[in-house]
Amino acid sequence: MNILITGASGFIGTALIEKLRGECNSIVCQSRSSHKDESGVKWIKHDLVNDSWDCLSLLEIDVIYHLAGQTSTYSSRQNPIEDLSANVLALLNLLEHFRKQELTPFVVLAGTATEVGLTDQLPINESLPDQPITFYDTSKLTAEMYLKQYAREGFINGCSLRLANVFGRRQPGQQRDRGILDKIFSRAVSGKNITVYGDGNYLRDYIFIDDVISALVLAPNHSEQTNGRAFCIGSGQGVALKEAFLRVTSMVEKATGVHVNHEYVSPPADLSDIEYRNVVIDSTAFRQATGWVPRYDFDAGLEAAYHWFLLHPTDVTTS
């Protein structure tokens with residue numbers, strides 16, 4: 001297939017490329033920065049908001065993975081217009097261009113489980129009404145609604161995968177934080193204390209990157225069952241924040257002998273209300289539509305994520 005990945009240089013995009021390039025696909029990767037073409041991968045430097053797709057000479061695309069976007073709740077509050085542009089206008093530009101090609105593409109949108117807002121119901125699934133409480137979640141939900149409308153009109157096919165807390169493999173020498181677990185890992189390796197806001201009992205559904213990639217790949221392969229829909233994607237396992245941090249630091253201590261303390265402090269005054277949510281995901285709908293089953297529970301995911309480090313604890317480069 002001819003595949004387009006936007007936001008391809010990000011955490012999920014990088015993992016998706018590695019999965020797809022081994023399956024005889026022709027892959028076009030969009031990024032705002034320059035990259036050298038690789039075997040089976042063509043890179044294009046393209047601004048999704050300001051640049052026209054018409055100026056690019058692309059083959060007709062079968063599947064589009066739209067992973068690009070603005071991902072910070074706090075940045076969205078400071079500049080809602082930029083957030084809207086990155087998460088909604090960028091998608092609209094893409095949809096408007098590809099609705100004109102003869103082949104109807106399938107678009108997989110990376111959504112977020114927080115679009116539902118705060119709820120006392122657990123687990124979370126597609127039956128809950130959407131009540132976003134942040135600018136970020138509002139823009140992500142708006143993008144999803146546009147995608148569904150384009151699918152209703154028959155302009156494109158596609159679905160949204162609402163992802164929970166994705167974590168993944170740390171590579172040797174990698175500096176960039178990918179999320180809270182990687183931050184905790186880096187601090188623990190450095191012997192720095194770990195800070196926990198409040199009592200740390202809020203639940204999160206951590207899902208390992210390989211399970212996310214398999215969900216992304218399956219979505220267009222079952223287009224008759226997934227088209228025009230949004231799905232909640234998670235492991236189905238709720239882990240308290242403090243428990244997650246303890247498991248990461250215990251893993252580091254076992255490999256290095258470095259012990260760190262956990263400090264419980266009052267949350268900062270500007271902490272978003274969405275941080276106080278409890279999340280466990282029910283992915284039954286997506287499982288029924290595609291046959292997808294997550295392979296990793298939290299502990300197995302952690303071991304896979306930091307496998308290289310566990311084998312070479314003295315060689316790791318920390319931030």
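Residues numbered from 1 in each chain as written. Predicted model: local features only at pLDDT ≥ 70, side-chain atom pairs only at ≥ 80, totals over all residues. Heavy atoms only, no water.

**A closer look at the overall build of the protein chain**
Then comes step 1: Across its full length, the protein chain carries eleven helices and 13 strands.
Then comes step 2: Scored against the burial criterion, the 319 residues of the protein chain give a buried share of 47%.
Then comes step 3: Residue pairs in contact within the protein chain that sit at least 24 positions apart in sequence constitute 78% of those at least 6 positions apart.
Then comes step 4: Within the structure as shown, the protein chain displays about 14900 Å² of accessible surface, and the carbon and sulfur contribution to it stands at 47%.
Then comes step 5: Counting 28 positive and 38 negative side-chain charges, the protein chain places the centres of these two groups 3 Å from one another. (Helix = DSSP H or I, 4+ residues; strand = E, 2+ residues; numbered from the N terminus. Buried < 20%, exposed > 50% of the residue type's maximum accessible area, 1.4 Å probe, protein only. Contact = heavy atoms within 4.5 Å. Areas by Shrake-Rupley, 256 points an atom, 1.4 Å probe, with all protein chains shown as cover. Lys, Arg positive; Asp, Glu negative; His and termini not counted. Charge placed at Lys NZ, Arg CZ, Asp CG, Glu CD.)

**Quick notes on the pattern of salt bridges**
Then comes step 1: Taken as a whole and judged by the stated rule, the model has ten salt bridges.
Then comes step 2: A salt bridge links R247 to E243, with the nearest nitrogen and oxygen atoms 3.0 Å apart. Remark: E243 and R247 occur in helix α8 (residues 241-256); sequence separation between them is four residues, near one turn of the helix.
Then comes step 3: Residue E243 is classed as partly exposed on the basis of its relative accessible area of 33%.
Then comes step 4: Here the residues in one salt-bridge network are E115, D130, E144, K148 and R162, joined through shared partners. (Salt bridge = Lys/Arg side-chain N within 4 Å of Asp/Glu carboxyl O.)

**A look at the environment of E144**
Then comes step 1: Mapped onto the elements of the fold, E144 is located in helix α4 (residues 135-153).
Then comes step 2: As a C-alpha pair, E144 and T112 span 32 residues in sequence and 10.0 Å in three-dimensional space.
Then comes step 3: Ignoring anything within four residues of it in the chain, the contact list for E144 reads L109, E115, S160, R162 and A230.

**A look at the pairing of strand β8 (residues 194-197)**
Then comes step 1: Alternating positions in β8 separate cleanly, I194 and V196 being buried on one face and T195 and Y197 remaining unburied on the opposite face.
Then comes step 2: Two elements, β8 and strand β13 (residues 262-265), share four bridges in a ladder whose sense is parallel. If you follow V196 over to β13, its bridge partner there is Y264. (Pairing = 2+ DSSP bridges.)

**Overview of the nonpolar core**
Then comes step 1: In terms of nonpolar packing, the biggest core is built from 60 residues, with I5, L16, Y65, L161, L181, L216 and I233 touching the most fellow members.
Then comes step 2: Top contributing element to this core by residue count: helix α6 (residues 209-221), with seven residues.
Then comes step 3: Those residues in contact with L161 that lie beyond four places of it in its chain are V108, L109, A110, G111, A215, L216, A219, F231, I233 and F286.
Then comes step 4: Counting residues in hydrophobic clusters, the runner-up holds 22 residues, among them I44, A68, L92 and A143. (Core = buried A, V, L, I, M, F, W, Y, C linked by side-chain atoms within 4.5 Å.)

**What to know about the packing of helix α1 (residues 11-20) against α6**
Then comes step 1: Contact geometry of α1 with α6 gives a least axis separation of 10 Å together with a crossing angle of 65 degrees. As summarised for this structure, α1 and α6 are arranged roughly perpendicular, according to the angle between their axes. Considering the relative orientation of α1 and α6, their crossing is right-handed. Residues F11, I12, A15, L16, K19 and L20 of α1 form the contact with α6, whose own contacting residues are I209, I213, L216 and V217.
Then comes step 2: The class makeup of the residues in the contact of α1 with α6 is nine nonpolar, no polar and one charged. (Axes fitted to C-alpha atoms, helices over the stretch in contact; angles between N-to-C directions. Parallel < 35°, antiparallel > 145°, perpendicular 65-115°, else oblique. Left-handed = near helix turned anticlockwise from the far one by under 90°. Nonpolar A, V, L, I, M, F, W, Y, C, P; charged D, E, K, R; others polar.)

**Some details on the sheet that holds strand β2 (residues 26-31)**
Then comes step 1: Pairing within the open sheet is parallel, and its seven strands lie in the order β3-β2-β1-β4-β5-β6-β11. Sheet topology places β3 (41-45) and β11 (229-233) at the edges, where each strand pairs with a single neighbour. Averaged over all neighbouring strand pairs, the angle between strand axes comes to 20 degrees, with direction disregarded.
Then comes step 2: By the bridge criterion, five bridges tie β2 to β3 in an arrangement that is parallel.

**Section: unusual backbone geometry**
Then comes step 1: Cis geometry marks the peptide bond from L122 to P123, where omega comes out at -5 degrees.
Then comes step 2: By secondary structure assignment, the location of P123 is in the loop between β5 (106-112) and α4.

**Digging into the environment of V217**
Then comes step 1: Here V217 shows up in helix α6.
Then comes step 2: In this structure the C-alpha to C-alpha distance between V217 and V252, which are 35 residues apart in sequence, comes to 32 Å.
Then comes step 3: With residues near it in sequence (within four places) discarded, V217 still touches L16, K19, L20 and Y65.

**Quick notes on the packing of aromatic side chains**
The description of an aromatic ring pair uses the distance of the two centres, along with the angle that the planes make with each other.
Then comes step 1: Under the defined criterion, the tally for this structure stands at eleven aromatic pairs.
Then comes step 2: An angle of 65 degrees between the planes, with centres 5.5 Å apart, marks the rings of W53 and F98 as edge-to-face. Pair noted here: W53 is in the loop between β3 and β4 (63-66) and F98 is in helix α3 (residues 80-98), with a separation of 45 residues, a long-range link. Note on accessibility: W53 and F98 belong to one class, buried.
Then comes step 3: Look at F231 and F286: their rings are 5.2 Å apart centre to centre, the planes differ by 65 degrees, and that puts the pair in the edge-to-face class. With F231 in strand β11 and F286 in helix α9 (residues 284-290), the pair connects residues that are 55 residues apart, well separated along the chain. In terms of burial, F231 and F286 fall into one category: buried.
Then comes step 4: When the ring centre of F155 is taken as reference, the NZ or CZ atom of R99 above it lies at 3.6 Å. (Phe/Tyr/Trp six-rings, centres within 6.5 Å; stacked < 30°, edge-to-face > 60°. Lys NZ or Arg CZ within 6 Å of the ring centre and 35° of its normal.)

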